[in-house]
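Below are the chains, spelled out letter by letter.
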Amino acid sequence: GGGGGGGGEGDGTTELKRASTGIIRIAGSRALLLRTLMFGLLWALCMTGSDYANWITEVGEKHGFARHDVEVFMIVCKVVGVTAFLTAAWASRGGRGHVILRG
């Protein structure tokens, strides 16, 4: 039997709506996946120049890296971070920030 009124078709529609959001939506579109990966990479590179730099000295000292090596690495991270911040600003010029995030 077909079973009456249980909402089988309604449940399928709900599942279809759920499938068009979240990770399924991102994975289903090559363009959206690429945009998400690029945004994540840009965010991570920006953090390299700000948040991660605070931990570099602690991690370097704990693992016995030479002070000069840690300082050089921090300078490289700052350059990467500043470049990423400038790239983010350039990409969102003219109020296009929402376009970068949402497409």
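What you are looking at is a predicted structure, and each value in this text was computed from that prediction instead of being measured.

Enquirer: Can you tell me about the overall build of the protein, naming the residues and giving the values?
Expert: For the protein, the helix and strand inventory stands at 6 helices and 0 strands. Starting at the N terminus and ending at the C terminus, the protein contains elements arranged as α-α-α-α-α-α. Out of the 103 residues belonging to the protein, those deemed buried represent 13%.

Enquirer: An account of the packing of helix 4 (residues 51-62) against helix 5 (residues 67-91) is needed here, citing residue identities and associated values.
Expert: Where helix 4 meets helix 5, the axes come as close as 10 Å, and the angle between the chain directions of the two elements is 160°. As far as their axial angle goes, helix 5 and helix 4 are roughly antiparallel. Along this stretch, helix 4 crosses helix 5, giving a crossing that reads as right-handed. Two secondary-structure elements touch here, helix 4 through Ala53, Ile56, Thr57 and Gly60 and helix 5 through Val70, Phe73, Met74, Cys77 and Lys78. Residues of the contact of helix 4 with helix 5, tallied by class, amount to 6 nonpolar, 2 polar and 1 charged.

Enquirer: Requested: an account of the confidence of the model for the protein, with residues and values cited.
Expert: Averaged over all residues, the pLDDT of the protein equals 79, while 76% of them reach at least 70. Between the elements of the protein, mean pLDDT differs from a low of 56, seen in helix 1 (residues 8-19), to a high of 90, seen in helix 5.

Enquirer: Residue-level account of helix 5, with values.
Expert: An α-helix turns once every 3.6 residues. As a result, residues three or four positions apart point the same way. The end-to-end C-alpha separation of helix 5 is 36 Å, in line with the 36 Å expected for 25 residues at 1.5 Å each. Every buried residue belonging to helix 5 is among Val70, Cys77, Gly81, Ala84 and Ala91, and all of these are buried.

Enquirer: I'd like a rundown of a nonpolar patch on the surface, residues and numbers included.
Expert: There is a patch of nonpolar side chains on the surface, built from Leu34, Met38, Leu41, Leu45, Val72, Val76 and Val80 and spanning about 560 Å² of accessible area. For the nonpolar patch, the secondary structure elements donating two or more residues are helix 3 (30-49) and helix 5. The leading source of residues in the nonpolar patch is helix 3, at 4 residues. Relative to the elements of secondary structure, Val72 occurs in helix 5.

Enquirer: Can you lay out the side chain of Thr48 for me, pointing to particular residues and giving the numbers?
Expert: Tracing the sequence through the fold places Thr48 in helix 3. A relative accessible area of 15% means that Thr48 is categorised as buried. Only 3.0 Å separates the side chain of Thr48 from the backbone oxygen of Ala44, close enough to count as a polar contact. Beyond its immediate chain neighbours, meaning those up to four positions away, Thr48 contacts Ala53, Cys77 and Val80.

Enquirer: Account for the pattern of salt bridges, naming residues and giving values.
Expert: According to the stated counting rule, one finds 1 salt bridge in the structure shown. The partner of Arg67 in a salt bridge is Glu71, with the nearest N and O atoms 2.9 Å apart. Taken as a pair, Arg67 and Glu71 lie in helix 5 at a separation of 4 residues, close to a single helical turn.

How each quantity is defined
- Residues numbered from 1 in each chain as written.
- Predicted model: local features only at pLDDT ≥ 70, side-chain atom pairs only at ≥ 80, totals over all residues.
- Heavy atoms only, no water.
- Helix = DSSP H or I, 4+ residues; strand = E, 2+ residues; numbered from the N terminus.
- Buried < 20%, exposed > 50% of the residue type's maximum accessible area, 1.4 Å probe, protein only.
- Axes fitted to C-alpha atoms, helices over the stretch in contact; angles between N-to-C directions.
- Parallel < 35°, antiparallel > 145°, perpendicular 65-115°, else oblique.
- Left-handed = near helix turned anticlockwise from the far one by under 90°.
- Contact = heavy atoms within 4.5 Å.
- Nonpolar A, V, L, I, M, F, W, Y, C, P; charged D, E, K, R; others polar.
- pLDDT = per-residue confidence, 0-100.
- Expected span 1.5 Å × (residues − 1).
- Patch = residues over 30% accessible without salt bridge, like charges linked within 9 Å, V, L, I, M, F, W, Y side chains within 5 Å.
- Areas by Shrake-Rupley, 256 points an atom, 1.4 Å probe, with all protein chains shown as cover.
- Salt bridge = Lys/Arg side-chain N within 4 Å of Asp/Glu carboxyl O.
- Polar contact = N/O pair within 3.5 Å; in protein donor to acceptor, adjacent residues only side chain to side chain.

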